[in-house]
Amino acid sequence: MATETAIRTAVGGIPVAVFGRDLESLGFVKSVALVDGIATVGLVLPTPALVGREELQRNVTAAVEKLDGIRSVKLEVSAQVVKRSARPDQGRVSGAKNIIAVAAGKGGVGKSTVASNLALALRQWGATVGLLDADVYGPSMPTMLGEPDVPAGTKVGQKIVPAIHWGIKLMSVGFFIEKDGAVVWRGPMVHKLLQQFLEDVDWGELDYLVVDLPPGTGDAQLSLSQLIPITGAVMVTTPQEVALIDVVKAVSMFKKVEIPVLGVVENMSYYVCPGCGHHDEIFSRGGGRKLAETLGVPFLGEVPIDAKVRFGGDSGRPVVVGAPDSEHAKIFMKIAAEVATQIAVVTQSAPKRVAGLVSIR
Ligand code: ADP
């Protein structure tokens with residue numbers, strides 16, 4: 001007859017492919033109970049958006065059902081996002097467990113579109129999320145996320161309170177500059193501003209803080225990597241070669257400053273004709289995947305070019321919240337799960353900071 005120990009052994013030995021380890025060694029088995037043939041297994045996952053979560057749950061149920069005398073299996077699954085440890089010389093963003101930088105080699109490839117939908121998708125998965133629009137040259141989040149539910153503000157002698165849009169906290173350079181006002185940002189100013197956003201903003205408890213970086217490999221990226229422990233960077237590119245070459249440059253910058261690259265998102269990958277369903281690969285699809293392979297980093301997904309995505313960004317209702325049942329929203333949900341899972345891999349397998357990106361594969 002099955003015992004709690006036998007159940008724990010059966011469940012603990014189940015491999016979790018993405019980590020290359022089993023449930024027991026990962027510490028995901030929280031509790032096991034057996035009463036009158038009814039087994040209850042408690043799992044605690046490192047993110048609510050774990051890729052392969054359903055298959056894992058099925059495997060756990062099947063492994064327990066196989067044991068003698070089990071009448072039924074109940075799973076209690078919760079998620080607790082693991083905090084990324086910082087280098088001693090880096091500051092902290094109080095309350096943010098993980099910081100995800102969204103970067104691109106050049107402008108116009110959809111970096112902000114990916115950053116906003118990524119943040120909202122992580123929220124839809126059940127995480128607590130903040131979004132820092134650090135694109136000093138073109139802060140687009142106030143437009144992309146529309147009217148806030150709660151506007152940003154300051155209280156005398158207290159920290160800056162971020163705005164709330166669609167359940168996520170937002171702080172943007174755009175809150176501080178006139179619309180269409182030209183601002184020339186020199187390196188030290190960018191550094192100071194980012195420092196303020198990270199230290200003087202009351203972010204509260206966050207599982208993920210998504211940072212929309214300016215395009216390229218300039219001062220803001222370097223400042224950020226000095227200031228805060230970025231868990232990893234998501235690179236956004238279009239499939240065209242010129243964007244890809246710029247990504248290689250940006251990736252090598254992240255390597256130099258010891259920020260793991262979580263993977264590559266290919267945006268504007270292909271176009272599906274809404275009339276006939278024909279796929280047209282305008283910019284020659286697949287470059288992002290090849291690039292990820294060459295760089296030895298995960299390929300996180302491809303986003304087709306679509307009027308819904310553009311309209312969502314321009315109208316303050318990004319597609320993840322504006323059209324949650326659409327194919328595009330599902331694509332962003334999947335990309336968010338890939339990103340959250342890569343973060344879990346980085347934090348699980350390398351609690352101490354590791355150099356470069358090879359270590360997260
Ligand atoms: P970046 O931040 O790289 O400069 P944006 O995210 O601001 O780029 O995107 C530039 C423009 O392209 C915006 O008008 C946006 O709505 C549009 N866009 C981005 N991705 C897509 C897509 N997959 N389909 C259609 N339009 C897109």
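Predicted model, so just to flag it, every value in this text is computed and none were measured.

Participant: Residues and numbers for the overall build of the protein chain, please.
Facilitator: From N to C terminus, the protein chain includes 12 helices and 16 strands. Against the globule reference of 21 Å for 361 residues, the protein chain gives a C-alpha radius of gyration of 21 Å, in line with a compact fold. Expressed as a percentage of its 361 residues, the buried residues of the protein chain come to 52%. Residue pairs in contact within the protein chain that sit at least 24 positions apart in sequence constitute 73% of those at least 6 positions apart. In the form shown here, the protein chain has an accessible surface area of approximately 16000 Å², with 53% of it arising from carbon and sulfur atoms. Mean positive and mean negative side-chain charge positions of the protein chain (36 and 36 charges, respectively) differ by 4 Å.

Participant: Could you give me a rundown of the environment of F175, with the residues and numbers involved?
Facilitator: Along the chain, the position of F175 falls in the loop between β11 (168-172) and α6 (187-199). A C-alpha to C-alpha distance of 31 Å links F175 and L300, two positions 125 residues apart in sequence. With residues up to four places along the chain from it excluded, the contact list for F175 reads P142, A152, A163, H165 and L170.

Participant: Give a description of helix α8 (residues 241-256) that names residues and reports values.
Facilitator: The first and last C-alpha atoms of α8 sit 23 Å apart over 16 residues, in line with the 22 Å expected at 1.5 Å per residue. Of all the positions in α8, only A243, L244, D246, V247, A250, V251, M253 and F254 are classed as buried. For α8, the angular spread of the buried residues around the axis is 170°, confining them to a single face. In α8, the exposed positions that point more than 90 degrees away from the buried face belong to E241, K249 and K256.

Participant: Mind laying out the packing of aromatic side chains, listing which residues take part and the relevant values?
Facilitator: Scanning all chains against the criterion turns up one aromatic pair. Residues F19 and F28 carry aromatic rings whose centres are separated by 5.6 Å and whose planes lie at 85° to one another, so their mutual orientation is edge-to-face. Exposure remark for F19: the relative accessible area of 12% places this residue in the buried category. Classification of F28 by relative accessible area gives buried; the value is 2%.

Participant: How would you summarise the layout of surface pockets if you had to cite specific residues and measurements?
Facilitator: Once rolled over the atoms, a probe with the size of a water molecule shows which space is left empty. There is about 390 Å³ of room inside the largest pocket. Lining the largest pocket are 23 residues, and of these G108, G110, T113, M144 and M268 lie nearest its centre. Elements represented by at least two residues in the lining of the largest pocket include exactly α4 (111-124), α5 (141-145), β14 (261-272), β16 (299-305) and α10 (307-314). Examining the composition of the lining of the largest pocket, we find that four residues originate from one element, α10, more than from any other. Residues belonging to the lining of the largest pocket are distributed by class as follows: seven nonpolar, 10 polar and six charged.

Participant: Give a detailed account of the site of the ligand, specifying residues and quantitative values.
Facilitator: Surrounding the ligand, one finds 17 residues, the nearest of these being G108, K111, S112, T113 and N267. Separating an oxygen atom of the ligand from a backbone N or O atom of G110 is a distance of 2.9 Å. Between the ligand and K111, the relevant distance is 2.8 Å, taken from an oxygen atom to a main-chain nitrogen or oxygen of the residue. A molecule is said to occupy a pocket when more than half its atoms come within 2 Å of that pocket's grid points, and by this definition the ligand occupies the largest pocket.

Participant: Would you mind going over unusual backbone geometry in detail, with residue names and values included?
Facilitator: Negative phi characterises most residues that are not glycine, and trans characterises most peptide bonds. Its identity is not glycine, yet D36 carries a phi of approximately 50°, on the positive side. Topologically, D36 is positioned in the loop between β3 (29-35) and β4 (38-45). By relative accessible area, D36 is classed as exposed at 63%. In this structure, E258 takes a positive phi of about 60° despite not being glycine.

Thresholds, definitions, all that
- Residues numbered from 1 in each chain as written.
- Predicted model: local features only at pLDDT ≥ 70, side-chain atom pairs only at ≥ 80, totals over all residues.
- Heavy atoms only, no water.
- Helix = DSSP H or I, 4+ residues; strand = E, 2+ residues; numbered from the N terminus.
- Rg over C-alpha atoms; globule rule 2.2 N^0.38 Å.
- Buried < 20%, exposed > 50% of the residue type's maximum accessible area, 1.4 Å probe, protein only.
- Contact = heavy atoms within 4.5 Å.
- Areas by Shrake-Rupley, 256 points an atom, 1.4 Å probe, with all protein chains shown as cover.
- Lys, Arg positive; Asp, Glu negative; His and termini not counted.
- Charge placed at Lys NZ, Arg CZ, Asp CG, Glu CD.
- Expected span 1.5 Å × (residues − 1).
- Arc of directions from axis to C-beta.
- Phe/Tyr/Trp six-rings, centres within 6.5 Å; stacked < 30°, edge-to-face > 60°.
- 1 Å grid on protein atoms, 1.4 Å probe; cavity = no way out; pocket = protein on both sides within 12 Å on 5 of 7 lines; lining within 4 Å.
- Points joined across faces, edges and corners; volume = space filled by probe spheres on them.
- Nonpolar A, V, L, I, M, F, W, Y, C, P; charged D, E, K, R; others polar.
- Near = heavy atom within 4 Å.
- Polar contact = N/O pair within 3.5 Å; in protein donor to acceptor, adjacent residues only side chain to side chain.
- Sits in = over half its atoms within 2 Å of the grid points.

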